[in-house]
Amino acid sequence: YYNPSGEDKDIYAPSKNVTEILVNYYKTTLILDAPEIAYPGLPYEFQVTIYPWNYTQRAVSILIDGEQILTKSLSKSQEILEITIDPNERIGPHVLEVKVAPLGVYSPASNRTFFKVKYKEVELKVDCNDLAIYPLSNITILVSVSTLKGSPLANETIEFNLDGKIKSILTDENGECNLSL
């Protein structure tokens, strides 16, 4: 807006001009590649790809179910990121969203995917005497716990329900324990 003052006041008329400026960004594309399954308390890795890349760092925000859990600067166009799923996370479906901030002439971008938090399955083997005459002979119950891939689960609590009474025993380094009656 121009408003004449001083000697110009009686010579020039006030004036104004409305100018519209269009700001164009180079469109940023964000590709998110993440596994469909995550486990409470364990790392969760996913790949983020951003292009075009301007050979500088880009700030990204990682959100789960709309809640920001991490902000990080990426120094490469394609990076693998890792977060740890909260041990108390609700079992079921969740939304992973990654947002990249605008930078200079590059636009912001975001992408999201769904993943499911579930418990890891284990194999529980229980074995006991083929024949025991109780109380004349001891009954021994052998238990082993492992992942489905066969890795033993050490220091896990195994509970035995003996006529309504609970007896708890920890597995050893081989994922095994036994109870003798």
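Located above this text is the structure these notes cover.
Counting of residues starts from 1 at the beginning of each chain's written sequence and follows it residue by residue. Local features in this predicted model are restricted to residues whose pLDDT is 70 or higher, and side-chain atom pairs enter the listing and the counts only when it is 80 or higher, whereas totals over whole chains, interfaces and linings include all residues. Computation of side-chain values: all heavy atoms of the structure, hydrogens and water removed.

If you walk across this open sheet you meet the five strands as 2-8-7-4-5, and the pairing is mixed. Two strands close off the open sheet at either side, each with one partner strand: strand 2 (37–38) and strand 5 (67–74). Here the rule is simple: two strands pair whenever DSSP picks up at least two bridges between them. Counting from the N terminus, the helices are DSSP H or I runs at least four residues long and the strands are E runs at least two residues long. Alignment of strand 4 (residues 58–64) against strand 7 (residues 92–100), held across five bridges, turns out to be antiparallel. For L63, the partnering residue across the bridge sits in strand 7 and is E97.

For the rest of this paragraph, the subject is the side chain of T171. Structurally, the position occupied by T171 is in the loop between strand 12 (165–170) and strand 13 (176–180). Here a polar contact is recorded for every N or O atom pair within 3.5 Å, except that within protein the pair must consist of a potential hydrogen donor and a potential acceptor, and residues adjacent in sequence are included only if both atoms are side-chain atoms. Of the polar contacts made by the side chain of T171, one reaches the backbone nitrogen of N155; its length is 3.1 Å.

This part takes up the packing of aromatic side chains. We call Phe, Tyr and Trp rings a pair once their centres come within 6.5 Å, taking the six-membered ring for Trp, and we label the pair stacked below 30 degrees between planes, edge-to-face above 60, and tilted otherwise. This structure, assessed with the given rule, holds three aromatic pairs. An angle of 40 degrees between the planes, with centres 5.8 Å apart, marks the rings of Y26 and Y106 as tilted. Here Y106 lies in the loop between strand 7 and strand 8 (109–117) and Y26 lies in the segment before strand 1 (29–33), a separation of 80 residues in the sequence. The class of Y26 is exposed, set by a relative accessible area of 53%. Two limits define a charge over a ring: the Lys NZ or Arg CZ must be within 6 Å of the ring centre, and within 35 degrees of the ring normal. When the ring centre of Y39 is taken as origin, the NZ or CZ atom of K120, which lies over that ring, is 5.2 Å away. Categorising residues by exposure relies on relative accessible area from a 1.4 Å probe, with only protein chains included: less than 20% of the type maximum marks a residue as buried, more than 50% marks it as exposed, and the intermediate range marks it as partly exposed.

Glancing now at the nonpolar core. Y44, F46, V48 and L96 are the most contacted members of the largest nonpolar core, which totals 22 residues. Broken down by secondary-structure element, the contributors of at least two residues to this core are strand 1, strand 3 (43–51), strand 4, strand 6 (78–84), strand 7 and strand 8. With four residues, the single largest contributor to this core is strand 3. Contacts: residue pairs with any heavy atoms within 4.5 Å of one another. Leave out the neighbours within four places in its chain, and F46 touches L32, D33, A34, I62, E79, I80, L81, I83, L96 and V98. Listed in part, the eight residues of the second largest apolar core include I158, F160, I169 and L179. The term nonpolar core refers to a set of buried residues drawn from Ala, Val, Leu, Ile, Met, Phe, Trp, Tyr and Cys, joined through side-chain atoms within 4.5 Å.

Structurally, the position occupied by V143 is in strand 10 (residues 140–147). Residues V143 and K125 lie 18 residues apart in sequence; the distance between their C-alpha atoms is 5.6 Å. Ignoring sequence-local partners within four residues, the contact set of V143 consists of L124, K125, V126, I158, F160, G175, E176 and C177.

Now for the environment of E176. Secondary-structure assignment places E176 in strand 13. The class of E176 is partly exposed, set by a relative accessible area of 41%. The residues touching E176, leaving out its near neighbours within four places in the chain, are V143, S144, L170 and T171.

In this section: the pattern of salt bridges. Only one rule defines a salt bridge in this text: a Lys or Arg side-chain nitrogen within 4 Å of an Asp or Glu carboxyl oxygen. Applying the stated criterion across every chain, the model contains two salt bridges. Between R90 and D65 there is a salt bridge, with its nearest N and O atoms 3.8 Å apart. Here D65 lies in the loop between strand 4 and strand 5 and R90 lies in the loop between strand 6 and strand 7, a separation of 25 residues in the sequence.

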